[in-house]
Amino acid sequence: MGTPRKRKPTVRTQGAVTYARVSTAEQVESGLGLDDQAATLTRWCTTAGLPVIASFVDEGLSGTSMAKREALGHALDLLTTGQASALVVKNTARLGRKTTDVLAIADRADREGWALVVVDIGLDTSTITGRLTLSLLAAVAEHEAGQISERTKAALAAARARGTVLGRPAIVTTDAVARVVELRNTGATWRAIAEQLNTENIPTGQADHWHANSARRIYLRTAQ
């Protein structure tokens, strides 16, 4: 048997792929969250002397669902194929709320030979210190998401203890009610909540689409 041939290393283009994400429809409409992220990422790349190869945005998507974030997938594909040398994001929460998801991206960067840059904290995962810092910050992001989830569960439990019927009887699911409560607890408006539920294709019950009034009505029922 001959000696196995070594895999030819990827020829990598020096440049940045920027990635931004906002989680609510309201942020998408206002553009405030995206504009802030875009300005921060552009400024960092300019200062670092790193040309922007491509910019990707996931609009109105939660950080807890990696599978639905197509823009992030496209960004990672460019890096995997050597068309850029760094993925630049504003903060770890833009990548994901779960520690495992964020670290999976960091591991992929290390394995494929590109850098993950988190601008807000000057993080560079090509260093050991950077990887340790990333682990700690990702854990904090997951903790914060967990707190929101716990508050949502507590609100639903309190409503059930008072004998409150959550949603329309046998029509609106408990999961739908929980999602309304979760979004409202993050500060989303009733209209933004309705649009987010429509984006996620969450069943409404009787109506074809979610509306601000229906989201508001369901949320208030949990507080009765």
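To keep things clear, this report deals only with the structure shown in the data block. (Residues numbered from 1 in each chain as written. Predicted model: local features only at pLDDT ≥ 70, side-chain atom pairs only at ≥ 80, totals over all residues. Heavy atoms only, no water.)

1. Examining the packing of aromatic side chains
Piece 1. The full count for this structure, using the stated rule, is 1 aromatic pair.
Piece 2. Its end group placed over the ring of W190, R184 keeps NZ or CZ at 3.8 Å from the ring centre. (Phe/Tyr/Trp six-rings, centres within 6.5 Å; stacked < 30°, edge-to-face > 60°. Lys NZ or Arg CZ within 6 Å of the ring centre and 35° of its normal.)

2. Considerations on the sheet that holds strand β5 (residues 123-124)
What holds strands together in a sheet is hydrogen bonding between their backbones, with the strands either parallel or antiparallel.
Piece 1. Pairing in this open sheet of 5 strands is mixed, and the strands run β2-β1-β3-β4-β5 from one edge to the other. Only two strands of the sheet have a single neighbouring strand rather than two, namely β2 (52-59) and β5.
Piece 2. Here 7 bridges tie strand β1 (residues 16-22) to β2, and the two strands are oriented parallel to one another. Paired with Y19 across the bridge in β2 is F56.
Piece 3. Of the strands in this sheet, β1, β2 and β3 (86-89) touch helix α3 (residues 70-80), which is tilted by about 160° from β2. (Pairing = 2+ DSSP bridges. Helix = DSSP H or I, 4+ residues; strand = E, 2+ residues; numbered from the N terminus. Contact = heavy atoms within 4.5 Å. Axes fitted to C-alpha atoms, helices over the stretch in contact; angles between N-to-C directions.)

3. So, α3
Side chains three or four residues apart in an α-helix point the same way, a direct result of the helix having 3.6 residues per turn.
Piece 1. Among the residues of α3, those classed as buried are A71, L72, A75, L76, L78 and L79. Along the axis of α3, the buried residues cluster in a sector spanning 155°; they form a single face.
Piece 2. Buried residues along α3 sit in contact with β1, β2, β3, α4 (92-95) and α5 (99-112).
Piece 3. With its phi angle positive at about 85°, G82 sits one or two positions after the end of α3. (Buried < 20%, exposed > 50% of the residue type's maximum accessible area, 1.4 Å probe, protein only. Arc of directions from axis to C-beta.)

4. Quick look at the pattern of salt bridges
Piece 1. Across all of its chains, the model carries 6 salt bridges by this definition.
Piece 2. Across the pair K90 and D36 runs a salt bridge, and its minimum N-O distance is 3.6 Å. A residue pair is termed long-range when its members are at least 10 positions apart, and K90 in the loop between β3 and α4 and D36 in helix α2 (residues 32-48) qualify at 54 residues.
Piece 3. The partner of R191 in a salt bridge is E195, and the shortest N-O contact between them spans 3.4 Å. Taken together, the positions of R191 and E195, both in helix α8 (residues 190-199) and 4 residues apart, correspond to about one turn of that helix.
Piece 4. Overlapping salt bridges bring together D36, K90 and D120 as one network. (Salt bridge = Lys/Arg side-chain N within 4 Å of Asp/Glu carboxyl O.)

5. A short note on the nonpolar core
Piece 1. Core analysis: the largest hydrophobic core is formed by 24 residues, its most contacted members being V17, F56, L87, L95, I105, W114 and L116.
Piece 2. For this core, the secondary structure elements donating two or more residues are β1, β2, α3, β3, α5, β4 (115-118) and α6 (128-161).
Piece 3. Examining the composition of this core, we find that 6 residues originate from one element, α3, more than from any other.
Piece 4. Within the second largest apolar cluster, 18 residues are counted, among which are L183, A192, I193 and A215. (Core = buried A, V, L, I, M, F, W, Y, C linked by side-chain atoms within 4.5 Å.)

6. Remarks on the pairing of β3
Piece 1. Taking every second residue as pointing to the same face, both faces of β3 are buried, with A86 and V88 on one and L87 and V89 on the other.
Piece 2. As paired elements, β1 and β3 share 3 bridges and run parallel to each other. Bridge pairing in β3 links T18 to V88.
Piece 3. Judged from the 4 bridges that link them, β3 and β4 form a sheet pairing that is parallel. Within the sheet, the bridge partner assigned to V88 lies in β4 and is V117.

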